[in-house]
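Letter by letter, the chains look like this.
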Amino acid sequence: MALMEDLLLKGYIDEHMDEMVKCATADYLIRLLTYCAKSDGSISNKERNFIIDYIETFDMNDSEETWLFAQYDYGRFHKYDKENIVLLKRSFDKLLDKKNLDYKILYNLIYISLIDSENLNDYQAQIISDFITIFKLNANKCDMVYEKVIKEKNKYKKNIATDLDKCYEILGLDKNCSKNDLKKRYAYLTKSYHPDNYNIDEMPPEVKKDLEDTYKKINLAYDRLKETF
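Rules used throughout
- Residues numbered from 1 in each chain as written.
- Predicted model: local features only at pLDDT ≥ 70, side-chain atom pairs only at ≥ 80, totals over all residues.
- Heavy atoms only, no water.
- Core = buried A, V, L, I, M, F, W, Y, C linked by side-chain atoms within 4.5 Å.
- Buried < 20%, exposed > 50% of the residue type's maximum accessible area, 1.4 Å probe, protein only.
- Helix = DSSP H or I, 4+ residues; strand = E, 2+ residues; numbered from the N terminus.
- Expected span 1.5 Å × (residues − 1).
- Arc of directions from axis to C-beta.

The next thing to look at is the nonpolar core. Judged by nonpolar contacts, the single largest core of 37 residues is most densely connected at Leu33, Leu106 and Phe131. Sorting the residues of this core by element identifies α3 (25–37), α4 (45–55), α5 (62–77), α6 (83–92), α7 (101–113), α8 (122–135) and α9 (139–171) as the ones contributing at least two each. Sorting elements by how many residues they give to this core places α3 first, with nine residues. The next biggest cluster of nonpolar side chains, apart from the first, holds 13 residues, and it includes Cys167, Leu171, Cys177 and Ala221.

Taking 1.5 Å of rise per residue, 16 residues should cover 22 Å, and α5 covers 23 Å from first to last C-alpha, within 8% of that figure. Among the residues making up α5, those that are buried are Trp67, Leu68, Ala70, Gln71, Tyr72, Asp73 and Gly75.

A separate point is helix α10 (residues 179–193). Helix length check: α10 (15 residues) gives 21 Å between terminal C-alpha atoms against 21 Å at 1.5 Å per residue, within 8%. Along α10, the residues classified as buried are Leu182, Tyr186, Leu189 and Thr190. Projected down its long axis, α10 shows its buried positions confined to an angular sector of 95 degrees, all on one face. Away from its buried face, by an angle of more than 90 degrees, α10 presents the exposed residues Lys184 and Lys191.

This is the structure in structure tokens:
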């Protein structure tokens, strides 16, 4: 059973709530983000976290936030329909202060579409094309938005690579190490640097701090690297 139907049965959402919020910009935006995310057959953790973080940016009470999560679930269990963009545009036109929101929405649609891939698939391209057409966006500005997403994605990848290099350095591991090598090295280092192995009370403050910092770095480096396997 879909979350929205389950919530209705449990009484968390009023059965007439759809009439009150059907023109809300956030509703259709969350659906569109979800459609883009699931276009390859599933929603990855990165995509799901992106949508959750986006939901939490809205200034809403608990029931309204629950409703938005229901829209996420709606998108998961329903096929994309261009009518969602038409309704989004209708809601958008009622806003008093748009603040380039249309291009910000486009940015997020492109961003979530490229979280796990280098190019838009046909499904995502159709959604974004429909959005550009219905919102009557400027083609040159749309290209700029796309290039901005690509630039930021490449910058992120570069930062991640640098971050990983530091993690390997902290653990004293080669980049071609195996998952088993990582586990063994982590076990050895945490045992060697664990504060319980030392008489902390008799240590000079600067040595104590250095030991604690090193122990934290070892754990952070391990948590980061194990995600790559």
